[in-house]
Amino acid sequence: MADKGARPIAKAEGRLGVLTVGLGAVASTFIAGVELARRGVAKPYGSLTQLATIRLGKRTEARTPLIRDFVPLASLDDLVFGAWDPIPDNAYEAALKCGVLDKHEHVEPIGAFLKGIKPMPAVFDRSYVKRLEGTNVKGGKTKREQAEALRQDIREFKAKNNCNRLVIVWCASTEIFIAPGAAHQTLAAFEKAMESNDVTIAPSMLYAWAAMMEGVPFMNGAPNLCCDIPAIEHLARDRKVAIGGKDFKTGQTMLKTVLAPMFKARMLGVAGWYSTNILGNRDGEVLDDPESFKTKEESKLGVLEYILQPQVYPELYGNIFHKVRINYYPPRGDNKEGWDNIDIFGWLGYPMQIKVDFLCRDSILAAPLVLDLALFSDLAQRAGMSGVQEWLSFYFKSPQVAPGLYPEHDLFIQQTKLKNTLRWMMGEEQITHLGVEYYGEA
Ligand SMILES: NC(=O)c1ccc[n+]([C@@H]2O[C@H](COP(=O)([O-])OP(=O)(O)OC[C@H]3O[C@@H](n4cnc5c(N)ncnc54)[C@H](O)[C@@H]3O)[C@@H](O)[C@H]2O)c1
């Protein structure tokens, strides 16, 4: 075993506090799922940290441990949960209201546990999420004061729950679209803007700043700019904290990042891609507001452009009609239906069509991503990896990358990147799939 290059990684000792910003459908489904899994009554399907293996060395070596036996991850038994939300419902009430999990099978049996998770007052401002009203909110005259109050929450949660380490995952609503501006460029400008209540400083950025100041890794599951601004990126590196985002890649975009690489791999052209969704949960309601939808739309639209490279293949991909719609349709609740109609063309330009109808469950797809991001960002932090964690782009629709880099969107390139990063951390050889050695060429 080639362990010469292994990075020093601090042990996953003691309790890991997982704080979610937002205690809605995704966060309550995640928390309930972890509790059910650790009681052994349900399985954490969808989670790489719990179920996936990793191949090490040559194919002939037959070494494929579980990822969780290969890298030192926190155990589910050591996780403690906390949250912020402007809606005062505890995790039990939130789980019942969003209606993702079966009340009798999966909520009532852990009712007492879920009732114990009450959201801390949020930093919330309706101008950033128009369709929500919240009563459980912090005061504070300036954004700086609000952010300092979040730091206080983080410290108190850690002490009260006897945690060794914390991570924060943004599972809160999608904020309105904000373009990167002057206040986001440097830490000095950002802090000044917090003091003057600059409108371009959204609540999500205050959580990210507070996390950095407290040395807590921060992962962003929504498409808001949040920690994807130079001020927070620099702060993350200065304070040696892991960050990542944006926007959990769960349903339609996950499919898109599997299908589009296939078309490009086979040099099949794409004339149009029409994606539409019906969704009836609170997320759907928030996204019904055009300003929040714009944030989501940007995140969903970028994917094809990067994968298909129309500038390199103008004849195949230079003229795609790409449309994404999300329609709020209450009867379906969290059970989203996503349709894709893809018009492709092949040999001599003959047209063909593909139709996809994905009847998915939004929060069931997102919950394991929250778990993996919590455990992997804690691992990165213990391994001394700070700043943007691009190896976690596997989990995001709109991956945050270093300035000047384009993001990798192809799901399987992202998976290779993730697994190779784990091999690199542990001093194992990278897997290149060259394989000439099996044929006596090496
Ligand atoms: N498959 C998925 O479910 C999926 C995929 C990608 C991204 N997301 C994103 O994840 C987020 C959560 O989705 P959800 O279905 O749980 O939505 P939800 O509406 O059920 O929950 C979001 C919660 O965030 C709270 N909130 C809003 N602003 C807040 C603030 N400033 N501070 C603290 N809490 C705040 C809301 O009150 C709400 O309870 C959304 O932004 C959504 O777009 C979800």
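Analysis parameters
One numbering rule holds for all chains: residues counted from 1, following each sequence as written. Given that this is a predicted model, residues contribute local features only at a pLDDT of at least 70 and side-chain atom pairs are listed and counted only at 80 or more, while totals for whole chains, interfaces and linings are drawn from all residues. Strands are runs of DSSP state E lasting at least two residues, helices are runs of H or I lasting at least four, and both sets are numbered from the N terminus onward. Within these notes, the globule rule equals 2.2 Å times the number of residues to the 0.38 power, and the radius of gyration is based on C-alpha atoms. Whether a residue is buried, exposed or partly exposed follows from its count of other C-beta atoms within 10 Å of its own C-beta, namely 20 or more, 12 or fewer, or something in between, respectively; the C-beta atoms are built from the backbone. Contact between two residues is assigned whenever their backbone-derived C-beta positions fall within 7 Å. Annotation comment: domain bounds sourced from an automatic or database domain assignment. Under the convention adopted here, Pro, Cys and the residues Ala, Val, Leu, Ile, Met, Phe, Trp and Tyr are nonpolar, Asp, Glu, Lys and Arg are charged, and Gly plus all remaining residues are polar. Here, nearness means that the C-beta atom of a residue, built from backbone geometry, sits within 6 Å of the molecule or strand in question. In this context, the arc is that of the directions from the helix axis out to the C-beta atoms.

A. Here's a closer look at the overall build of the protein chain. Per the secondary structure count, the protein chain includes 16 helices and 10 strands. The C-alpha atoms of the protein chain give 22 Å as radius of gyration, which agrees with the globular expectation for 442 residues (22 Å, within 12%). Within the protein chain, the fraction of its 442 residues that count as buried is 48%. A sequence separation of at least 24 residues applies to 77% of the contacts in the protein chain between residues at least 6 apart.

B. Structural context of the domain arrangement of the protein chain. In terms of domain boundaries, the protein chain breaks down into domain 1 (15-248 + 364-425) and domain 2 (252-359). Centre-to-centre separation of domain 1 and domain 2, based on C-alpha positions: 26 Å. Between domain 1 and domain 2, the residue contacts involve 25 residues of the former and 27 residues of the latter. Its residues placed into classes, the side of domain 1 that touches domain 2 shows 11 nonpolar, seven polar and seven charged.

C. Here's a closer look at the site of the ligand. Taken together, 37 residues surround the ligand, and among them Gly22, Gly24, Val26, Ala222 and Arg282 come closest. At four residues, helix H15 (residues 362-382) tops the list of elements feeding residues into the shell around the ligand. By residue class, the composition of the shell around the ligand is 22 nonpolar, 10 polar and five charged. Split by domain, the residues of the shell around the ligand number at least three in each of domain 1 (15-248 + 364-425) and domain 2 (252-359).

D. Molecular detail of helix H4 (residues 91-98). Along H4, the positions that sit buried rather than exposed are Ala91, Tyr92, Ala94, Ala95 and Cys98. Looking straight down H4, one finds its buried side chains confined to an arc of 165°; they lie on one side. Turning to H4, the residues buried within the fold contact helix H1 (25-38), helix H5 (103-107) and helix H6 (111-115). Just past H4, the residue Gly99 takes up positive phi, approximately 65°.

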